[in-house]
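Notes for the structure review
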Amino acid sequence: MPADWNRRLDRWRAAGLLDDQAVQRILEFEGRSGRTRAFRWPVALALAFGALLIGAGVLLFVSAHWEALSPWQRVSLVVALVAVFHLSAALAASRFEPLSVALHTTGTLALGAGIALTGQIFNLAEHWPSAVLLWAAGAAFAWRLLGDWPQFALTALLVPWWIAGDWVVRYGRQTPQLISAFLLATAFTYLGALSGDRASPERRVLVVLGSLDLLPLAILACDTPHFSPPSSPPGPTWIAWTLAFLLPLALAVRLRGSTAWINVITTAWTAVLSLLARYGEDVAVYLWCALGAVGLVAWGLREGRTERVNLGVAGFALTVLFFYFSTLLDKLGRSASLIGLGVLFLAGGWALEKTRRKLLTQLRAGAP
């Protein structure tokens, strides 16, 4: 049974709505049905691929006949697609809930396509981030109305996309490092969504998104050039830089409460990484990344989160690998560089895996 249901049962028992025997029967029932739930992932995978294929097929059919339709026919068709997906999901809700969730998600994806196509029909490309904002608002409304985690995942992806897109429009070529720093700080906030007894499907979605985005965004932050040509119009980029760090921190306070002080450290690390990537030497950037990887491992050990330990170990391995390729490979001969690379993979991989297993064992044992 999920941790949020355990908390609900405790709250209902404390309020006198359930007695101890009823709670025990619920726990026993959920324990017996746990085995069948473990095999639901093939069904979920099939539904996800099926919904995506249906949506792609419908959009391909529409695009093939797009030129033959008048503007009002195009708008009507786009609106009909969104309505058909959501109505089909409503009809399937009482029969097969996972199918309903998949169809509602496809409907929200179709909403984004509909907003883009409507803007194309009426040439509304003056401020394209507004389209992303409308899409995010639709996904957020669907999440509040339905409570489905895919709608929340779309909202969590689209809101940072809208903010980053608005900065691109406002500041032009001055924004690459700004956007990479904002997205990296947001990934740290998402990664730390699960802490203590705070566990819900939405928080798990944030952790998955943060885990997937953290390392690619860290690499992007290290390698993103800072464009500020003399011809670019001056803008109050200091406001955007302030928001790039304050917005993820505000979300971290909302998610973690008093333990959000750790996100202050991760945000400061992100800010220093942006400065080193712009002004510092390569060696300083690699040392800072290695320190960040060690800190990520320590964060995972402190709060008992295995994904942070694994990400920290992977980040340290990538830092060493990039350092070897960028700094040492050109200074060695071809044979020596290949031998060194092989030793690095064999010995380094063995040492890191041994360390990772030792850390995970320490974490499971509850050691600090």
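These lines cover the structure that appears in this document, whether it is placed above or below. Everything numeric here is computed off the predicted structure, so don't read it as measured data.

**Details of the nonpolar core**
If you look at the biggest cluster of nonpolar residues, it comprises 16 residues, and the most contacted ones within it are L184, F188, L191, L214, L273, L296 and W299. Of all the secondary structure elements, the ones that give two or more residues to this core are helix 9 (176–191), helix 10 (201–223), helix 12 (261–279) and helix 13 (282–303). Among residues more than four places away in sequence, those in contact with L214 are L184, A187, F188, L191, L296 and L311.

**Remarks on helix 8 (residues 149–171)**
When the terminal C-alpha atoms of helix 8 are compared, their 34 Å separation across 23 residues agrees well with the 33 Å that a helix rising 1.5 Å per residue should span. Positive backbone phi, approximately 60 degrees, marks G172, located one or two places after helix 8.

**Comments concerning the packing of helix 8 against helix 9**
How two helices sit against one another is set out by the angle between their axes and by the gap between those axes. Closest axis-to-axis distance for the helix 8/helix 9 pair is 10 Å, and the angle between their directions is 165 degrees. Relative to helix 9, the element helix 8 is oriented roughly antiparallel. Taken as a pair, helix 8 and helix 9 cross one another with a handedness that is right-handed. In this structure, helix 8 contributes A156, P160, I163, A164, W167, V168 and Y171 to the contact, and helix 9 contributes L178, I179, F182, L183, T186 and Y190. Grouping the constituent residues of the contact of helix 8 with helix 9 by class yields 12 nonpolar, one polar and no charged.

**Let's talk about the packing of aromatic side chains**
Centre-to-centre distance and the angle between the planes together describe a pair of aromatic rings. Scanning the entire structure with this criterion turns up six aromatic pairs. Ring plane angle 55 degrees and centroid distance 4.8 Å describe the contact between W143 and F152, whose orientation is recorded as tilted. Between W269 and W288, the aromatic rings sit 6.5 Å apart at their centres with planes inclined by 10 degrees, giving stacked as the arrangement. In this pair, W269 is assigned in helix 12 and W288 in helix 13, connecting sequence segments 19 residues apart. W288 sits in the partly exposed class, given a relative accessible area of 22%. Cation over ring: R144 sits above W143, and NZ or CZ is 5.2 Å from the ring centre. Over the aromatic face of W299 sits the side chain of R308, whose NZ or CZ is 4.4 Å from the ring centroid.

**Examining the side chain of R203**
Structurally, R203 is set in helix 10. Buried charge without a salt bridge: R203, with E202 as the nearest opposite-charge side chain at an N-O distance of 7.4 Å.

**Structural notes on the environment of W299**
Its place among the elements puts W299 in helix 13. Put simply, W299 and G312 are 13 residues apart on the chain and 9.2 Å apart in space, counted from C-alpha to C-alpha. Apart from the residues lying within four places of it in its own chain, the contact partners of W299 are F188, L191, G192, R256, I262, T266 and R308.

**Here's the deal with a nonpolar patch on the surface**
Together, W128, W161, V168 and V169 give the surface a local cluster of nonpolar side chains, amounting to about 350 Å² of exposed area. Looking at the secondary structure, you find V169 in helix 8.

**Things to note about helix 11 (residues 237–256)**
With 20 residues, helix 11 ought to run about 28 Å at 1.5 Å a step, and its terminal C-alpha atoms sit 29 Å apart, in line with that. Just past helix 11, the residue G257 takes up positive phi, approximately 65 degrees.

**Some details on the packing of helix 9 against helix 10**
Between helix 9 and helix 10, the shortest axis-to-axis distance is 8 Å and the interhelical angle comes to 150 degrees. Between helix 9 and helix 10, the interaxial angle falls into the category roughly antiparallel. The handedness of the crossing between helix 9 and helix 10 comes out as left-handed. Contacts between helix 9 and helix 10 involve S180, L183, L184, A187, F188, Y190 and L191 from the former and L206, V207, L209, G210, S211, D213, L214, L217, A218, L220 and A221 from the latter.

**Some thoughts on the state of the cysteines**
Considering all chains together, one arrives at zero disulfides under this definition. The thiol sulfur of C222 is not disulfide-bonded, and the nearest other cysteine sulfur, from C289, lies at 3.4 Å.

**Focus on the layout of surface pockets**
Quantified by volume, the second largest pocket comes out at close to 780 Å³. Lining the second largest pocket are 35 residues, and of these A218, C222, W269, C289 and T319 sit closest to its centre. Among the secondary structure elements, those contributing two or more residues to the lining of the second largest pocket are helix 10, helix 12, helix 13 and helix 14 (306–328). The element contributing the most residues to the lining of the second largest pocket is helix 13, with 11 residues. Counted by class, the lining of the second largest pocket contains 24 nonpolar, eight polar and three charged residues.

What counts and how
- Residues numbered from 1 in each chain as written.
- Predicted model: local features only at pLDDT ≥ 70, side-chain atom pairs only at ≥ 80, totals over all residues.
- Heavy atoms only, no water.
- Core = buried A, V, L, I, M, F, W, Y, C linked by side-chain atoms within 4.5 Å.
- Buried < 20%, exposed > 50% of the residue type's maximum accessible area, 1.4 Å probe, protein only.
- Helix = DSSP H or I, 4+ residues; strand = E, 2+ residues; numbered from the N terminus.
- Contact = heavy atoms within 4.5 Å.
- Expected span 1.5 Å × (residues − 1).
- Axes fitted to C-alpha atoms, helices over the stretch in contact; angles between N-to-C directions.
- Parallel < 35°, antiparallel > 145°, perpendicular 65-115°, else oblique.
- Left-handed = near helix turned anticlockwise from the far one by under 90°.
- Nonpolar A, V, L, I, M, F, W, Y, C, P; charged D, E, K, R; others polar.
- Phe/Tyr/Trp six-rings, centres within 6.5 Å; stacked < 30°, edge-to-face > 60°.
- Lys NZ or Arg CZ within 6 Å of the ring centre and 35° of its normal.
- Lys, Arg positive; Asp, Glu negative; His and termini not counted.
- Salt bridge = Lys/Arg side-chain N within 4 Å of Asp/Glu carboxyl O.
- Patch = residues over 30% accessible without salt bridge, like charges linked within 9 Å, V, L, I, M, F, W, Y side chains within 5 Å.
- Areas by Shrake-Rupley, 256 points an atom, 1.4 Å probe, with all protein chains shown as cover.
- Disulfide = S-S within 2.5 Å.
- 1 Å grid on protein atoms, 1.4 Å probe; cavity = no way out; pocket = protein on both sides within 12 Å on 5 of 7 lines; lining within 4 Å.
- Points joined across faces, edges and corners; volume = space filled by probe spheres on them.

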